[in-house]
Amino acid sequence: MFRTISDFRDTWEYESDATLKTFRGLTDASLAQAVRPGGRTLGRLAWHLTQTLPEMMGEAGLALAGPKMDDAQPPLAGIIQAYDASSRSLLEAVAAKWTDALLLEKVPMYGEEWTRGKVLGALVLHQAHHRGQMHVLMRQAGLVVQGVYGPAYEEWGAYNMPPQP
């Protein structure tokens, strides 16, 4: 849960960059990589993260630029562009329309009541959760995963870290 706009901004800038770094590690061909037949694909996960920004914040009463939940998934370049624009819209809207005091106020969210600070925290955790799923699928697709909270396994050699089973 966030209690200050400044703390959210600092966290979101890092998390948004991490998500874009993950997206940029994909290829159009890899978007079809699924966890199992009929399961979510890398493309679906990336598009879901992109669509969730305006959807979740709209639920909290903050309108953002971005795709609707029923918009069709575009090619990778379109996903990256839409995510980047929505992410920037999020920072601008939060800074312009919410205050630190408003972060403590409750809003209806998915049949519950959450503080706005919890909404922002849930948005960050939602991204981290799905990025983790994407990293597994990226490895299954033969793509290189870049570290987010430290070096990824593929980067260990550059840091003289021994491989572990």
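Nothing here was measured: the structure is a model prediction, and the numbers come from that model.

**Here we look at the overall build of the chain**
- A tally of regular secondary structure across the chain gives four helices and two strands.
- Along the chain, from the amino end to the carboxyl end, the secondary structure elements read α-α-α-β-β-α.
- Taking 15 Å as the expected radius of gyration for a compact globule of 165 residues, we find that the chain reaches 17 Å, a close match to that expectation.
- Accessible surface, the chain: about 8600 Å² in total, of which carbon and sulfur atoms supply 55%.

**Some remarks on the environment of L102**
- Note that L102 resides in the loop between helix 3 (76–97) and strand 1 (106–109).
- Distance in space between the C-alpha atoms of L102 and G117 is 8.3 Å, their sequence separation being 15 residues.

**Things to note about the packing of helix 1 (residues 5–24) against helix 4 (residues 116–140)**
- With their axes 10 Å apart at the nearest point, helix 1 and helix 4 run at an angle of 20 degrees to one another. Considering their axes alone, helix 1 and helix 4 lie roughly parallel with respect to each other. Handedness of the helix 1/helix 4 crossing: left-handed. In this structure, helix 1 contributes F8, T11, W12, E15, S16, A18, T19, T22 and F23 to the contact, and helix 4 contributes L120, L123, V124, Q127, R131, M134, H135 and M138.
- For the contact of helix 1 with helix 4, the residue count by class is nine nonpolar, six polar and two charged.

**Some details on the pairing of strand 2 (residues 112–115)**
- One ladder, built from four bridges, connects strand 1 with strand 2; its direction is antiparallel. Within the sheet, the bridge partner assigned to P108 lies in strand 2 and is E113.
- As consecutive antiparallel partners, strand 1 and strand 2 are separated by two residues, and within that stretch Y110 has a phi angle of approximately 50 degrees, a positive value.

**Overview of the packing of helix 2 (residues 42–59) against helix 3**
- Direction vectors running N to C along helix 2 and helix 3 enclose 25 degrees, while the axes themselves pass 10 Å from each other. Judged by the angle between their axes, helix 2 and helix 3 are roughly parallel. Crossing hand, helix 2 versus helix 3: left-handed. Contacts between helix 2 and helix 3 involve G43, A46, W47, L49, T50, L53, P54 and M57 from the former and I79, A82, Y83, S86, S87 and L90 from the latter.
- When the residues that make up the contact of helix 2 with helix 3 are grouped by side-chain class, the tally is 10 nonpolar, four polar and no charged.

**Let's talk about the nonpolar core**
- One finds L26, M57 and W98 to be the most contacted residues of the largest nonpolar core, which totals 43 residues.
- Of all the secondary-structure elements, those providing two or more residues to this core are helix 1, helix 2, helix 3, strand 1 and helix 4.
- Aside from chain neighbours lying at most four places away, what touches M57 is T52, L62, L64, L90, W98, V119, L120 and L123.

Thresholds, definitions, all that
- Residues numbered from 1 in each chain as written.
- Predicted model: local features only at pLDDT ≥ 70, side-chain atom pairs only at ≥ 80, totals over all residues.
- Heavy atoms only, no water.
- Helix = DSSP H or I, 4+ residues; strand = E, 2+ residues; numbered from the N terminus.
- Rg over C-alpha atoms; globule rule 2.2 N^0.38 Å.
- Areas by Shrake-Rupley, 256 points an atom, 1.4 Å probe, with all protein chains shown as cover.
- Axes fitted to C-alpha atoms, helices over the stretch in contact; angles between N-to-C directions.
- Parallel < 35°, antiparallel > 145°, perpendicular 65-115°, else oblique.
- Left-handed = near helix turned anticlockwise from the far one by under 90°.
- Contact = heavy atoms within 4.5 Å.
- Nonpolar A, V, L, I, M, F, W, Y, C, P; charged D, E, K, R; others polar.
- Pairing = 2+ DSSP bridges.
- Core = buried A, V, L, I, M, F, W, Y, C linked by side-chain atoms within 4.5 Å.
- Buried < 20%, exposed > 50% of the residue type's maximum accessible area, 1.4 Å probe, protein only.

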